[in-house]
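Chain residues, written in single-letter form:
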Amino acid sequence: MIKELMLINGEWVEAESNDKIEVINPAYGKVFAIVPKAHKEDAEKAINAANKAFEKWSSLSPFKRGAYLRKASEVVFKNLDEIAKLMTQEQGKPFKEAVGEVEKGAKILKYYAEEGERIYGRIIANEEEDIESRVIYQPIGVAAAISPWNYPIELLAWKIGGALASGCTVVAKLPSETPLSPLAFIRCVQEAGVPAGVVNALTGSGSEIGPVLFNSKIVKKVAFTGSTETGKVVLSGCVDTLKKVSLELGGSLPMVVCKDCNLDVAVAGAVRRSFRNMGQICIAINRIYVDELVYEDFLKKFVEQTKKLTIGDGLKEDCDLGPMCTIGGIETTKKHIEDAVSKGAKIAFGGKKPAGEKYNEGYFFEPTILRDVNHNMLVMQEETFGPVVGVMPFKTIEEAIKLANDTVYGLAAIIFTENLSLANYLSKKIQAGNVAINNVDAGVINAPYGGWKDSGFGHEHGPEGLYEYLLIKHVRVRYL
Ligand code: NAD
C-alpha cells in the first residue's frame, strides 16, 4: 500500500484529524494507496503559509523565480518514469501517455519560467509633455488552484506555472481520484528549492475545502478546472469575497468533416481525439458531422481504425487505451449509449465492456461509435466524458454550423477541409474558444486556451495564462 502526505508550509504532513482518502487503481477496482483527507483547519494552515510566503516570493525578480521553475522542470524530467507509473495506477491511462503528460508538465514549468521574464508594462503618452502614464503588472496574491483527475499533472502545471512565474503563491486542491502523481510533481517543485509556503498541496473533498478557499479574504484568485456544474458552485462561492476567478469547464466538442478533406487524416484524428484517455478529455470529440457525400466512407474507415485500438492495464502492456478512471464514468457512458439507441441510433462499434478475463474487475469499456444520431440524444447535448462519439450526416455547411453550435458548450471545435476559404468561414462561425483545422490538437502551451459559453471564461496557456495572476496598475507620472 502506497502512503503519501500533503504539503503545507514546506512540510509533508498528515491531516490534523488523521483522516484518509483511499485511492483506487481503476484497472482492478482495488485500493492501492492512501493520502490524507484535509479539513478546514488544514486548509487554513495552507492559506496562512501561502500568505506568509507571498511577500518574499513576489519581490523576487522574474529571473530568479524563473530559475526555480527551470530547476523544478529539470527535477520533473529526472523523475518522469516514477511519476508516470503513479499516474497510470491511479488514473488508468497507458504508461506511455502518462510519460507524455509528465513531460508536458515539466515543459510547462520551463515555458512559464521564460514567459515570466516577458511581463512587459507600457508607457502611454499624455497630452502634456512632462506627464506620462505607465502600466505595470503586479501579482494578485495567494492563488487557489483546483484541478480534476483526467490530466492530473498537466492541468495543475498550467496553474502552478502561471501563478509562480507571476509572483503568486499557491494553495492547490488536488483531485481525490488521482492525488499521487500531482503530489509527486509538487515534490519536484519543492526539491528545486522553492521556499516553504510558496506551493502548498491539499488532498481532500472539494465541497469541503472549496468554501474555505472561497471565503478566505487572503486568497485573491481561484483557478478552477472541472465540470460546468461545479464551476457554477465555485463562481457563486467567490461572490462575497469578490475574487478573480478563471473557469476551465466542460465541453461537447464538434468535428465537422467536409467532403473535400483528406478523409484518412480526418479518420485518424477522429480515432485519436474521440477515444484517447477513454474520452475523458475536455476537448475529446463528442459529436461528428460528416458531409452526406462522404458519410458512409468516413464511417467505414472510422470503424476499421477504431477496431485496431488495444485495451489493457497500461502498466503491464503496451496498449492504446486503459480503463476509465471512475465507475461513475462507465455509468454515464452506458446511459448515453442506451438513450441514443432508444431514440434510433445504431451502434457501429463497441457499446459494452470488452470480453476477456483481464477486463473483469477493472473499469474497462469498448470505444463506441454511434451512427445516425440526432440532437434529441444526450450524447449530442451533454458531455459524456467517456469513450463514445455520435456521428451524423449534414447536407449543407449552414446546417453543420447550426448543429455544431447547438449545445451550451463552447470549448473547442475541429474542422477538416482543404478549402481555405471554407476553413476560415467555419472557424469564425463556430462558437468556441479554440478551433483546430485539419488537426485535432486545439491547445498548445504558448497560445491562449479557454472556453466560451458554458465552457467557462479566463485563459490558461500563453501569456494570457500569466495575466490571470496579475493585477494591472496605472501609474501617472509628472517629471518635475
Ligand atoms: P469536478 O468538477 O467534479 O471536479 C473538479 C475539481 O473540483 C476536483 O478537484 C474536485 O475535488 C473539486 N470540487 C468538487 N466540488 C467542489 C466544490 N464544491 N468546490 C470546490 N472544488 C470542488 O470535475 P471532474 O469530474 O474532476 O473533471 C471532469 C470535468 O472537468 C469535465 O467536465 C471536463 O470537461 C472538465 N475539464 C475541463 C478542462 C478545460 O480545460 N476546460 C480540462 C479538463 C477537464
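Note that this is a predicted model, so its numbers are computed, not measured.

Visitor: In this structure, what is going on with the packing of aromatic side chains? I would like to understand it.
Guide: Aromatic rings considered in pairs are described by the distance between their centres and by the relative angle of their planes. For the structure shown, the criterion picks out eight aromatic pairs. Here W149 and F385 contribute two aromatic rings whose centre-to-centre distance is 5.5 Å and whose plane-to-plane angle is 75°, an arrangement assigned as edge-to-face. Of the two residues, W149 is situated in the loop between β8 (142-146) and α5 (154-166) and F385 in the loop between β16 (368-371) and β17 (388-394); the sequence distance between them amounts to 236 residues. Among the residues examined, W149 registers a relative accessible area of 15% and is labelled buried. Geometrically, the ring pair formed by W158 and Y449 is edge-to-face, given 5.4 Å between the ring centres and 65° between the ring planes. Of this pair, W158 sits in helix α5 while Y449 is found in the loop between β20 (434-437) and β21 (452-453), placing the two residues 291 residues apart along the sequence. Y449 shares its class with W158; the two are buried. Against the face of Y151 rests K93, its NZ or CZ located 3.6 Å from the ring centre. In this structure, K221 is placed above the aromatic ring of Y469, and the distance from its NZ or CZ to the ring centre is 5.2 Å.

Visitor: For this particular structure, what's the right way to read the sheet that holds strand β7 (residues 131-139)?
Guide: Spatially, three strands are ordered β6-β7-β23 in an open sheet, and the strand pairing comes out antiparallel. The open sheet has two edge strands with one neighbour each: β6 (122-125) and β23 (470-478). Ignoring strand direction, the axes of neighbouring strands in this sheet form an average angle of 25°. Examined bridge by bridge, β6 and β7 share four bridges and lie antiparallel to one another. When the bridges of β7 are listed, I123 appears paired with R134.

Visitor: What exactly am I supposed to notice about the side chain of T407 here?
Guide: Mapping T407 onto the fold places it in the loop between α12 (397-404) and β18 (409-410). Of the polar contacts made by the side chain of T407, one reaches the backbone nitrogen of Y409; its length is 3.1 Å. Aside from chain neighbours lying at most four places away, what touches T407 is S252, R287, M380, Q381 and K453.

Visitor: Please clarify how helix α8 (residues 228-237) should be interpreted in this entry.
Guide: Because an α-helix packs 3.6 residues into every turn, residues spaced three or four apart end up facing the same way. Taken residue by residue, α8 has T228, G231 and V234 as its buried positions. What you see down the axis of α8 is that its buried residues fit within an arc of 110°, all on one side. Exposed residues pointing more than 90 degrees away from the buried face of α8 are listed as E229, K232 and V233. Those residues of α8 that are buried are in contact with α7 (206-215), β11 (219-225), β12 (244-248) and β18.

Visitor: Would you mind going over the site of the ligand with me for this structure?
Guide: Residues in contact with the ligand amount to 27 residues; listed here are only the nearest, S147, K173, T230, L249 and E383. One nitrogen or oxygen atom from the main chain of S147 is found 2.8 Å from an oxygen atom belonging to the ligand. Within the side chain of K173, an N or O atom sits 2.8 Å from an oxygen atom of the ligand. Relative to its unbound accessible surface of 840 Å², the ligand loses 87% to contact with the protein. For the shell around the ligand, the leading source of residues is α7, giving four residues. Of the residues belonging to the shell around the ligand, the class tally is 13 nonpolar, 11 polar and three charged. Two domains share the shell around the ligand, each providing at least three of its residues, namely domain 1 (2-249 + 455-476) and domain 2 (253-444).

Visitor: Is there a simple way to explain the side chain of H375 in this structure?
Guide: With respect to the helices, strands and loops of the structure, H375 is situated in the loop between β16 and β17. Relative accessible area serves as the criterion here: at 14%, H375 is assigned to the buried category. Here the side chain of H375 touches Y289 through a polar contact of 2.6 Å, side chain to side chain. A polar side-chain atom of H375 sits 2.7 Å from a polar atom in the side chain of D406. When sequence neighbours within four positions are dropped, the list of residues in contact with H375 reads R287, Y289, M380, Q381, M392, L403 and D406.

Rules used throughout
- Position numbers for residues count from 1 along each chain, tracking the sequence in the order it is written.
- Two thresholds apply to this predicted model, a pLDDT of at least 70 for residue-level local features and 80 or more for giving and counting side-chain atom pairs, whereas whole-chain, interface and lining totals are computed over all residues.
- As a convention, hydrogens and water are excluded, and side-chain values are obtained from all of the structure's heavy atoms.
- Centres within 6.5 Å are what make two rings of Phe, Tyr or Trp a pair, Trp counting through its six-membered ring; a difference in plane orientation under 30 degrees is then read as stacked, over 60 as edge-to-face, and the rest as tilted.
- Helix and strand definitions here come from DSSP, where helices need a minimum of 4 consecutive H or I residues and strands a minimum of 2 consecutive E residues; each element is numbered from the N-terminal end.
- Accessible area is worked out with a 1.4 Å probe on protein chains only. A residue is then buried under 20% of its type maximum, exposed over 50%, and partly exposed in between.
- Our definition puts a charge over a ring when NZ of Lys or CZ of Arg is within 6 Å of the ring centre and also within 35 degrees of the ring normal.
- Note on pairing: two strands pair once DSSP finds at least 2 bridges between them.
- Throughout, an axis means a line fitted to C-alpha atoms (over the contacting stretch in the case of helices), and angles, computed between N-to-C directions, take values from 0 to 180 degrees.
- By the criterion applied in these results, polar contacts are pairs of N or O atoms within 3.5 Å in which, for protein atoms, one can donate a hydrogen and the other can accept it, and in which residues neighboring in sequence qualify only through two side-chain atoms.
- Contact criterion: two residues are considered in contact whenever any of their non-hydrogen atoms come within 4.5 Å of each other.
- Taking the helix axis as origin, the arc is that swept by the directions to the C-beta atoms.
- Only a single heavy atom is needed: when it lies within 4 Å of a molecule or strand, its residue is near that molecule or strand.
- The protein chains shown are the only cover counted for residues, whose accessible areas, like all others here, come from Shrake-Rupley with a 1.4 Å probe.
- Gly falls in the polar group here, along with every residue not listed as nonpolar (Ala, Val, Leu, Ile, Met, Phe, Trp, Tyr, Cys, Pro) or charged (Asp, Glu, Lys, Arg).
- Just so you know, the domain bounds were taken from an automatic or database domain assignment.

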